[in-house]
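# Observations on chain architecture
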Amino acid sequence: MSTEIENRNIIDVFTNYEEEEKIKVGEALAHILAAASIVIDLEGESDEVKNTLRKYVDLWISKVSPIDYSPGMAEVIGIRIKKKITDIFDELSEEELGETLDFIIDIKKKLDKKFIEINVIDLEVRVERILRALGIDISELKQFFTFSDIEKRANRLISLLTVAIGIASVWDEKWIVESQ
């Protein structure tokens, strides 16, 4: 009987430790992106690196889905991106990126639960910093988020960033040259 109690206590301690130490999706994505940027600099881009990036970007996107997509958003964002997602660390730290990506997941959960008490100004600043690191001027995207309704504005900002990250994770300069 005491062995059963000890085993249960060990399991409880282990479970509590796992929950406390659990890495967040945004933080994990930021780590993967930072590591991939180093690998790409040293060895070039490989299919293995591309597939790993897509896997983690897709996981993060699944955490903020569904998004409030507006027709034409991908095209407008796509032509403005100037950097791959792995090339933004000269302007944004890995820590800031991870915190922002997790912040966005938290905001999206609140919005989905109709919990409207969110800091839309903080959200806009964070989104703008990542977009700027990708080479996008947020003022060129105003057509997509000119809402006075805080919930609608926040959802659209999240959508803009989600689309930008998705595109920037597969973006290639060759596409831009070939399309001109």
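Residues numbered from 1 in each chain as written. Predicted model: local features only at pLDDT ≥ 70, side-chain atom pairs only at ≥ 80, totals over all residues. Heavy atoms only, no water.

The next subject is the overall build of the chain. Looking only at helices and strands, the chain features eight helices and zero strands. Scanning the chain from its N terminus toward the C terminus, one meets helices and strands in the order α-α-α-α-α-α-α-α. Burial status across the chain gives 39% buried among its 180 residues. Put simply, 79% of the contacts in the chain that link residues at least 6 apart link residues at least 24 apart. (Helix = DSSP H or I, 4+ residues; strand = E, 2+ residues; numbered from the N terminus. Buried < 20%, exposed > 50% of the residue type's maximum accessible area, 1.4 Å probe, protein only. Contact = heavy atoms within 4.5 Å.)

Counted at 1.5 Å a residue, the expected span for helix α7 (residues 150-170) with its 21 residues is 30 Å, and the 31 Å between its end C-alpha atoms agrees. Taking burial as the measure, the 21 residues of α7 include 17 buried ones, the bulk of the element. (Expected span 1.5 Å × (residues − 1).)

It is worth spelling out the pattern of salt bridges at this point. Inspection of the entire model under this criterion finds twelve salt bridges. A salt bridge links R129 to E96; the nearest nitrogen and oxygen atoms lie 2.5 Å apart. With R129 in helix α6 (residues 120-133) and E96 in helix α5 (residues 94-112), this residue pair connects regions lying 33 residues apart in the sequence. The class for R129 is partly exposed, based on a relative accessible area of 28%. The class of E96 is partly exposed, set by a relative accessible area of 24%. (Salt bridge = Lys/Arg side-chain N within 4 Å of Asp/Glu carboxyl O.)

Right, let's talk about the packing of aromatic side chains for a bit. Summed over all chains, the structure comprises zero aromatic pairs. Above the face of the F103 ring, R126 is positioned so that its terminal group lies 4.1 Å from the ring centre. (Phe/Tyr/Trp six-rings, centres within 6.5 Å; stacked < 30°, edge-to-face > 60°. Lys NZ or Arg CZ within 6 Å of the ring centre and 35° of its normal.)

All right, on to the side chain of K83 then. With respect to the helices and strands, the residue K83 is situated in the loop between α4 (73-78) and α5. A polar contact of 3.3 Å, which involves the side chain of K83, links it to the side chain of D90. Setting aside chain neighbours within four positions, we find K83 in contact with D90, E91, A133, L134, A168 and W171. (Polar contact = N/O pair within 3.5 Å; in protein donor to acceptor, adjacent residues only side chain to side chain.)

The next thing to look at is the nonpolar core. Where a protein is soluble and globular, its nonpolar side chains tend to be buried together. By size, the foremost hydrophobic cluster in this structure holds 48 residues, and its most contacted members are I77, I104, L123 and L141. For this core, the elements supplying multiple residues, two or more each, are α2 (25-43), α3 (47-64), α4, α5, α6 and α7. Residues in contact with I77, not counting those within four places in the same chain, are I136, L141, L160, V163, A164 and I167. (Core = buried A, V, L, I, M, F, W, Y, C linked by side-chain atoms within 4.5 Å.)

α6 packs onto α5 with a crossing angle of 135° between their chain directions and a minimal axis gap of 10 Å. Between α5 and α6, the angle falls in the class oblique. For α5 against α6, the interelement crossing comes out left-handed. Of the residues in α6, those touching α5 at E96, L97, E99, T100, L101, F103, I104 and I107 are D122, L123, R126, V127, R129 and I130. (Axes fitted to C-alpha atoms, helices over the stretch in contact; angles between N-to-C directions. Parallel < 35°, antiparallel > 145°, perpendicular 65-115°, else oblique. Left-handed = near helix turned anticlockwise from the far one by under 90°.)

Next up on the list: a positive patch on the surface. On the surface, K24, K63, K109 and K113 cluster together into a patch of positive charge. Looking at where K113 falls in the secondary structure, it is placed in the loop between α5 and α6. A relative accessible area of 69% means that K113 is categorised as exposed. (Patch = residues over 30% accessible without salt bridge, like charges linked within 9 Å, V, L, I, M, F, W, Y side chains within 5 Å. Areas by Shrake-Rupley, 256 points an atom, 1.4 Å probe, with all protein chains shown as cover. Lys, Arg positive; Asp, Glu negative; His and termini not counted. Charge placed at Lys NZ, Arg CZ, Asp CG, Glu CD.)

Our next topic: the environment of K109. Looking at where K109 falls in the secondary structure, it is placed in helix α5. K109 sits in the partly exposed class, given a relative accessible area of 45%. With 44 residues separating them in the primary sequence, K109 and S65 have C-alpha atoms 9.7 Å apart.

The terminal C-alpha atoms of α3, which comprises 18 residues, lie 26 Å apart, in line with the 26 Å expected from a rise of 1.5 Å per residue. Listing the buried residues of α3 in full gives V49, L53, V57, W60 and V64. Here the buried residues of α3 occupy an arc of 55° about the axis, which is enough to place them on one side. In α3, those exposed residues whose orientation departs by more than 90 degrees from the buried face are D47, E48 and K55. On its buried side, α3 packs onto α2, α5 and α7. (Arc of directions from axis to C-beta.)

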